Every structure is written in C-alpha cells, then in structure tokens.
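Take a look at the letters that make up each chain.
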Amino acid sequence: MSGVRRIGVLTGGGDAPGLNAVIRAVVKACKYIHHITVIGITGGYAGLVELRARELTLDDTSGLLVRGGTILGTSNRANPFRYPYVRPDGAEEMIDASPAVKKNFEKLGLDCLIAIGGDGTLACSERMQRELGIPVVGVPKTIDNDLSATEYTFGFATALEVATNALDRLHTTAESHHRVMLLEVMGREAGWIALHAGMAGGADVILIREIPFRIEPILAKFRARERRGRPFSLVVVAEGAAPAGGDQVFASEDALTGWKRLGGISAAVARQIEELGGYEVRSTILGHIQRGGSPVPVDRILASRCGVEAARLAATGQFGQMVALRADQIVAVPLVDAIGKLKLVDPGCQMVAAARAVGTVFGDEDPEAVEESEG
Ligand code: F6P
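Procedures and definitions
Residues numbered from 1 in each chain as written. Predicted model: local features only at pLDDT ≥ 70, side-chain atom pairs only at ≥ 80, totals over all residues. Heavy atoms only, no water. Helix = DSSP H or I, 4+ residues; strand = E, 2+ residues; numbered from the N terminus. Rg over C-alpha atoms; globule rule 2.2 N^0.38 Å. Contact = heavy atoms within 4.5 Å. Areas by Shrake-Rupley, 256 points an atom, 1.4 Å probe, with all protein chains shown as cover. Lys, Arg positive; Asp, Glu negative; His and termini not counted. Charge placed at Lys NZ, Arg CZ, Asp CG, Glu CD. Domains from an automatic or database assignment. Buried area = accessible area lost by both parts, 1.4 Å probe. Phe/Tyr/Trp six-rings, centres within 6.5 Å; stacked < 30°, edge-to-face > 60°. Buried < 20%, exposed > 50% of the residue type's maximum accessible area, 1.4 Å probe, protein only. Salt bridge = Lys/Arg side-chain N within 4 Å of Asp/Glu carboxyl O. Near = heavy atom within 4 Å. Polar contact = N/O pair within 3.5 Å; in protein donor to acceptor, adjacent residues only side chain to side chain. Expected span 1.5 Å × (residues − 1). Pairing = 2+ DSSP bridges. Right-handed = clockwise from strand over helix to strand, strands pointing away. Axes fitted to C-alpha atoms, helices over the stretch in contact; angles between N-to-C directions. Core = buried A, V, L, I, M, F, W, Y, C linked by side-chain atoms within 4.5 Å.

**Student:** What exactly am I supposed to notice about the overall build of the chain here?
**Tutor:** Counting its secondary structure elements, the chain contains 12 helices and 15 strands. Its C-alpha atoms give the chain a radius of gyration of 23 Å, within 12% of the compact-globule value 21 Å for 375 residues. Principal-axis analysis of the C-alpha atoms gives the chain an extent of 70 × 50 × 35 Å. Partitioning the contacts of the chain with sequence separation of at least 6, the portion at a separation of at least 24 is 73%. Surface summary for the chain: the accessible area is close to 15,600 Å², and the carbon and sulfur share equals 51%. Counting 40 positive and 45 negative side-chain charges, the chain places the centres of these two groups 6 Å from one another.

**Student:** Would you mind showing me how to read the domain arrangement of the chain here?
**Tutor:** Interface size is often expressed as the accessible area that is lost when the parts come together. Split by domain assignment, the chain resolves into domain 1 (6–154 + 295–337) and domain 2 (159–290 + 345–373). If you average the C-alpha positions of domain 1 and of domain 2, the two centres end up 34 Å apart. Summing the contributions of domain 1 and of domain 2, the shared interface buries around 1,000 Å²; its carbon and sulfur component is 60%. Ranking the residues of domain 1 by area buried against domain 2 places Arg77, Ile143 and Asp144 at the top, with a combined share of 46%.

**Student:** Even after reading the chapter, I still don't get the packing of aromatic side chains, so can you show me in this structure?
**Tutor:** Each aromatic ring pair is specified by the distance between its two centres and by the angle formed by the two planes. As enumerated under the stated definition, the model contains 2 aromatic pairs in all. For the ring pair Phe222 and Tyr279, a centre distance of 5.4 Å and an interplane angle of 80 degrees mean the geometry is edge-to-face. Residue Phe222 is found in helix H7 (residues 215–227), and its partner Tyr279 is found in the loop between helix H8 (265–277) and strand E13 (281–285); the two are separated by 57 residues along the sequence. When its relative accessible area of 15% is taken as the criterion, Tyr279 is described as buried.

**Student:** How should I be thinking about the side chain of Lys343 in this particular structure?
**Tutor:** Structurally, Lys343 can be placed in the loop between helix H10 (335–338) and helix H11 (350–357). Despite its burial, Lys343 pairs with no opposite charge; the closest candidate is Asp146, at 7.5 Å N-O. When neighbours within four sequence positions are excluded, Lys343 is seen to be in contact with Asn145, Asp146, Leu147, Ser148, Thr150, Glu151, Tyr152, Ala190 and Trp192.

**Student:** Explain the site of the ligand to me, please; I cannot follow it from the model alone.
**Tutor:** Around the ligand sit Asn76, Ile143, Asp144, Met186, Gly187, Arg188, Glu239, Arg261, His288 and Arg291, and those are all the residues in its vicinity. Here Glu239 contributes a side-chain N or O atom positioned 2.5 Å from an oxygen atom of the ligand. In this structure, His288 approaches the ligand through a side-chain N or O atom, which is 2.9 Å from an oxygen atom. Protein coverage of the free-state accessible area of the ligand, which is 400 Å², stands at 83%.

**Student:** Hey, could you run me through helix H5 (residues 156–177) in this one?
**Tutor:** Since the α-helix packs 3.6 residues into each turn, any two residues three or four apart lie on the same face. Look at H5: 31 Å from first C-alpha to last across 22 residues, which is about the 32 Å you get at 1.5 Å a residue. Within H5 the residues assigned to the buried category are Phe156, Thr158, Ala159, Leu160, Ala163, Thr164, Ala166, Leu167, Leu170 and Ala174. Close packing links the buried residues of H5 with strand E8 (180–185), helix H6 (192–200), strand E10 (233–238), E13 and helix H9 (297–315). Directly after H5, the chain includes His178, whose backbone phi takes a positive value near 55 degrees.

**Student:** Please explain the pairing of strand E1 (residues 6–11) as it appears in this structure.
**Tutor:** Each regular strand displays side chains that alternate between the two surfaces of the sheet. Counting buried residues in E1 gives 5 out of 6 residues, a clear majority hidden from the surface. Looking at chain direction, E1 and strand E2 (residues 37–41) are connected through 4 bridges and run parallel. In the strand pairing of E2, Arg6 is matched with Thr37. In this view, the connection linking E1 to its parallel neighbour E2 by way of helix H1 (residues 19–34) has right-handed handedness. As defined by bridge partners, E1 adjoins strand E6 (residues 112–117) across 5 bridges and the pair is classed as parallel. By the bridge assignment for E6, Ile7 is matched with Cys112.

**Student:** Before we go on, may I ask you to explain the sheet that holds E8 in this structure?
**Tutor:** Within a sheet, each strand pairs with its neighbour through backbone hydrogen bonds, oriented either parallel or antiparallel. Across the sheet, which stays open at both edges, the 4 strands sit in the order E9-E10-E8-E13 with parallel pairing between neighbours. With one partner strand each, in any of the chains shown, strand E9 (205–207) and E13 form the two edges of the open sheet. Across the sheet, the mean angle separating the axes of adjacent strands is 15 degrees when strand polarity is ignored. Note: E8 against E13, 5 bridges, orientation parallel. What sits directly across from Val180, in E13, is Val281.

**Student:** Teacher, can you tell me more about the nonpolar core here?
**Tutor:** General note: in soluble globular proteins, nonpolar side chains tend to be found buried as a group. Within the largest apolar cluster, 34 residues are counted, with the highest numbers of intra-cluster contacts made by Val185 and Ile193. Only H5, E8, H6, E10 and H11 provide two or more residues apiece to this core. When residues in this core are grouped by element, the largest group, 8 residues, is from H5. When neighbours within four sequence positions are excluded, Val185 is seen to be in contact with Ala163, Ile193, Ala194, Val236, Val237, Ala238, Glu239, Leu286 and Gln290. Judged by nonpolar contacts, the second largest core, of 33 residues, contains Leu19, Val137, Ala310 and Ala314.

Have a look at this one:
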C-alpha cells in the first residue's frame, strides 16, 4: 500500500486543448479505481503559493472532455522559485516563494501533486521534489509538441487541425486574387505545427526555426509557379523562424521576467517578398486560436490516457515520474530525464524530405535549382 489518500492537481504554463480531459480522467480514475481525494489547485503554482484550492468531485467532471482551456486556470508567470511579488509601494520584484508552496502543500494534507504542464512547469516540479521533498507526477502538455520524452503531446493535433483549416481557407482566396498568402503559426523553438500544417495544407513554402531561410529560393519558387500558370502561393511561417544570419522577431518582452513573446516574422517576410519580388502579399497571424476551443478526438483520447496513468502513478506512490507516449503506449519516464531537452525538427528527417519531394521549399535551397524544378 502506498498510503496515498489525497492528491493535488494543477495546470501550469500556456493552456492547450485537452487539459480538462486530463483533469477529468485524473478525478474519475482516482474516484472509481483508487478511492482517493483530488484537490484542484487553481492558477498553476500560484495556487499553491497563495493557497487557492478546492476538492474536485465527479460532478466537476461533467462536460469536461470536450471543453477547451482548463477549469483550474493557469499561468506562465507562476514559477515559485522566481515569483512576482508586488511590494506595498506597488513595484514588482521576484522572490523565492517555494517555502509557501511547501507549507500549503502540507496544509492541504496532500500526499502527491500531479503537475500538468510544459517544459517550464515540469522543470519546476522536478525541482520541487528534489529540493522541497514534494512528491510529484508530471503530465506533458504543449501544442508545440516539442518535449523530447514523449512522441506526441495532447493539444498538438488540435492546433494542427486549426492551422490546416486556416491554410485551406487562405488557399482559395490566394488563388482568386493571385496573391502570396502567409500564415504565421505557433512554435517557439520547434517547427512541428508549421511542418505538419504545411504538409497537410499543401504549402509551397514552410519556414521553421530549425532551417534558417533566405528570401531568394522563396522568390524562385513563386516565379516557377507563375510560369506554370499558378500565380499564387501559400507560405507557412513558424513564429520562431529566422533568416539565415538574422534574428527571431518578438512582439513584446515582459519587463519583470524578461519573457519574450514571439510574433511578427510573417510581416517581415511579407515586406521582403513585396519589395524584392513585387508580389501582392497578405499575412495572417493565427495566434491563440490554435490554443483555444474543443480538443479534437485524438487529443481527447491522449489526454484521457495520460490522466489515467498519472493517477495510477500517484496512487501507487511512483513519484518523480512523467507519463509519456511511446510506440502507442503510455509509459512512465523519470521526470529528471524528461526536462530541459526540446524535441526539434531534424532538417534531415523523413518528413522534411517528403515535403521537399512534393516541391515544398524551406528557404535553404539553391534558387536556380528551385527555379528549374517546376519545368
Ligand atoms: O509554448 C506554447 C506557446 O503556445 C508557444 O507556441 C507560444 O510562443 C507561446 O506559448 C505563447 O504564449 P502566451 O500565451 O504567453 O502568449
């Protein structure tokens, strides 16, 4: 017997479709199988710093499977080790609030914490266990699909569906107006959404962080298409993409945490295409539409399986683990091995090769070869 009677659950970092499905699965598995109490912590780790929590019952799980966002709320500014504190004079500073987490974890009578989050939340959870002795179980989450220990994260399939749908819509208007249409999608370090959506939507150009681009092969692709009677083109740009020798484009920076929000690379690329190529260009930033709304079936299933396994690990005292998808099985991997290593697109991978084989340009090609490729 593990002696686990009461577990906490929180969602940290940016939200992703499927978070509520995980919460539902944790609560149901804990009630039906393990007969233990689940306490929902609100606002990510902020809820443990400021003691905001409530018991989750089966009634709370009604309708959760299809609901986007997270009923617990989340925050990507709630790292207890560097926690924003508002001083009496109104100024903000960073403090170490981890002692409050430890105190409130004990006050709530918890035996374990299930932390559902991305790399930041998982790294923070691993540190909680190592330094404060708080037993944790991790559930990986990110629409970017960039966590190396798991093959897919829930939320990615939904984001991909939204991005592909957007591309399909841009396709028809691009064709009608003979324009170049740019679609900027999410993906901080990894270009998985751009690569997959670009393939699914038949993009002529895919720009990702892992393959620095130059403008010449892109313009060569447009010219080659024009000559073949296709005077319009579709370009998918990952928000983290950058030109060869150039920098990423940021929309803003948080003065306190230094967190930089990406955004705007598509406008920069659009300007170059207009100025150097003379094309009429429109660009769309898809933004948080990729993160909101109901999860697609694949994400609902993956999230539910992750939640069930996380509940089992917690209930049986297997702490310091993260659930992961490997070869279609949900397995446990040591949290410490799962953090800090991002899963990036390998420019030499089969998927990139397949995209190139169907004529997609990534911006690193020889412009002359691209110009000739369409015959
Ligand atoms: O990591 C997930 C993600 O959606 C990134 O793709 C994106 O850059 C970031 O979160 C946006 O975060 P925020 O919600 O703070 O704008």
